[in-house]
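Per-entry structural report
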Amino acid sequence: MKIDLRTIPDAEVSGIDLMDVDITLPAPEAEPQRQYYFMALLKQQLVPERAKKNGKEFLTACITTFGCQMNARDSEKLVGILEKIGFVEEDSEEADFVIYNTCTVRENANNKVYGRLGYLNGFQKKNPFMMIGLCGCMMQEPEVVEKLKTSYRYVDIIFGTHNIFKFAELIVTRFESQRMVIDIWKDTDKIVENLPNDRKYSFKSGVNIMFGCNNFCSYCIVPYVRGRERSREPKAIIREIERLVADGVVEVMLLGQNVNSYGKNLEQPVTFAELLRKVNKIEGLKRIRFMTSHPKDLSDDLILAMKECDKVCKHMHLPLQSGSSRILKIMNRHYDKEQYLTIVKKLREAIPDIALTTDIIVGFPGETEEDFQETLEVVKQVEYDSAFTFIYSKRTGTPAAAMEDQCDPAEVKRHFDLLLKEVQQISAKKAMALEGKVMEVLAEEQNTQDASLITGRLSNNSVVHFPGTPDMIGKLFMVKLTECKGFYYLGEIAENA
């Protein structure tokens with residue numbers, strides 16, 4: 001007897017065999033049952049028909065991900081849906097369905113996508129059944145969608161960051177209508193649980209705990225394309241992690257644009273510190289990471305939770321952006337230099353061996369020599385384990401792009417080089433301090449340069465290469481760090497560990 005998805009509870013729908021779903025019934029209105037209906041329609045009928053027309057046994061798909069770990073996690077969901085409906089993933093952009101999950105933090109990222117679309121058009125002319133899909137942050141910009149509609153008519157599906165859960169439904173619409181499908185939502189508070197996903201790694205996984213951002217830093221486009229903050233219910237997060245652990249995951253990365261403000265918009269507010277404590281209790285889970293943390297929302301209770309929770313990794317990515325309080329105010333960061341340094345002091349007092357990493361922008365509009373020197377002083381004082389340094393890039397649509405007093409490029413380059421040199425010297429010194437120590441390493445992959453080595457990560461996120469075999473991947477080992485090579489270590493399994 002065929003299954004009526006309307007009768008299946010949310011938590012059970014992911015376990016349904018799509019071939020058993022009754023697709024003669026109307027599509028359910030409720031989510032995620034509605035999406036599983038469209039997946040069943042594709043699996044049973046539309047994808048096999050399309051493959052047969054194309055003279056193939058099956059259809060292939062290639063997903064290219066630009067940007068952050070949130071995008072990477074979204075792509076895992078897209079791959080999960082595609083595999084569920086019968087597509088086979090491949091690396092070639094000559095696949096039957098090519099999807100670009102786009103980033104728009106910098107404008108040159110948009111130009112890169114436009115360039116690659118022209119390249120794809122050549123493949124599409126050879127394969128008339130080939131489809132091109134575009135999603136992600138870039139698609140949330142109205143001017144981008146208008147440009148695609150007029151100059152890239154051969155794109156098949158366009159959707160944004162808020163409705164990624166509708167992927168199967170959009171594919172059905174494209175198959176049945178033979179026209180460009182555009183489905184962009186300006187904003188939403190909707191979160192759909194229990195959809196398929198295909199993890200890149202069997203032993204670790206990202207887990208979205210929230211979506212969107214409320215901060216509106218003056219240089220950043222993210223709040224405009226990702227929407228307002230909305231948090232997932234703790235029970236849904238815990239349930240997802242428990243399922244992941246049952247499937248072999250030992251490390252999770254809790255993801256959000258600003259995890260420190262998690263839970264504020266829930267009916268029953270829960271702090272990020274409280275969530276960490278709940279996740280820490282999950283049996284079988286070995287490591288917990290999270291990003292990104294905004295300094296303005298980093299509470300004393302979160303620092304205490306990091307200290308108390310034995311599974312939370314000794315690493316905090318805490319973006320500074322600038323060491324000048326004057327520039328921080330113009331950036332709309334809602335903290336000053338002194339407040340940031342106070343947070344660092346509290347972190348180091350509570351967790352002496354914590355690794356601190358950061359983001360720094362050089363050349364923000366109006367930045368003076370004095371402002372830059374303040375940034376350099378903060379870097380020297382904090383002694384970051386590593387830092388991502390960026391030259392300020394105008395982002396159309398943000399307040400900073402319209403600011404006068406844009407910096408001289410030559411001066412910005414000089415400042416950037418000075419900062420990079422300082423960061424590298426400090427990072428090397430910090431790394432050398434661990435040489436000779438025995439530390440826990442999660443084996444992550446076979447080394448790409450030397451098959452006799454395994455590459456893994458310390459709790460502080462540093463990379464270690466040590467002798468091993470592929471069957472060690474996904475397990476934790478005590479490793480002696482025999483030699484520091486600057487930004488990574490060589491090691492060996494510790495005896496009697």
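Cut-offs applied
- Residues numbered from 1 in each chain as written.
- Predicted model: local features only at pLDDT ≥ 70, side-chain atom pairs only at ≥ 80, totals over all residues.
- Heavy atoms only, no water.
- Core = buried A, V, L, I, M, F, W, Y, C linked by side-chain atoms within 4.5 Å.
- Buried < 20%, exposed > 50% of the residue type's maximum accessible area, 1.4 Å probe, protein only.
- Contact = heavy atoms within 4.5 Å.
- Helix = DSSP H or I, 4+ residues; strand = E, 2+ residues; numbered from the N terminus.
- Polar contact = N/O pair within 3.5 Å; in protein donor to acceptor, adjacent residues only side chain to side chain.

Here is a general trend for soluble globular proteins: nonpolar side chains tend to be buried in one another's company. In this structure, Ile-241, Leu-254, Phe-272, Met-306 and Leu-347 are the most contacted members of the largest nonpolar core, which totals 69 residues. In this view, Leu-254 contacts Val-207, Ile-209, Ile-241, Val-259, Phe-272, Leu-276, Ile-288, Arg-289, Phe-290 and Met-291; residues no more than four positions away in its chain are not counted. Membership of the second largest hydrophobic core comes to 43 residues, among which are Val-21, Phe-87, Ile-164 and Leu-170.

Of the consecutive residues Glu-31 and Pro-32, the connecting peptide bond is found in the cis state with omega at 5°. As for its position among the elements, Pro-32 is in the segment before helix 1 (33-53). Each neighbour pair has its own omega, and for Met-291 with Thr-292 the value is 5°, a cis peptide bond. One non-glycine residue, Asp-405, adopts positive backbone phi at about 70°. You can call Asp-405 exposed: its relative accessible area is 56%. One non-glycine residue, Asn-461, lies in the positive phi region at around 85°. Tracing the backbone through its elements, the reader meets Asn-461 in the loop between strand 16 (453-458) and strand 17 (463-467).

Our next topic: the side chain of His-465. Counting through the fold element by element, His-465 comes out in strand 17. A polar contact is formed between the side chain of His-465 and the side chain of Thr-455, at a distance of 2.8 Å. Ignoring any residue separated from it by four or fewer positions in sequence, one finds His-465 in contact with Asn-447, Leu-453, Ile-454, Thr-455, Tyr-488, Tyr-489, Leu-490 and Gly-491.

Looking now at the environment of Ile-303. As for its position among the elements, Ile-303 is in helix 9 (residues 300-308). Residue Ile-303 is classed as buried on the basis of its relative accessible area of 5%.

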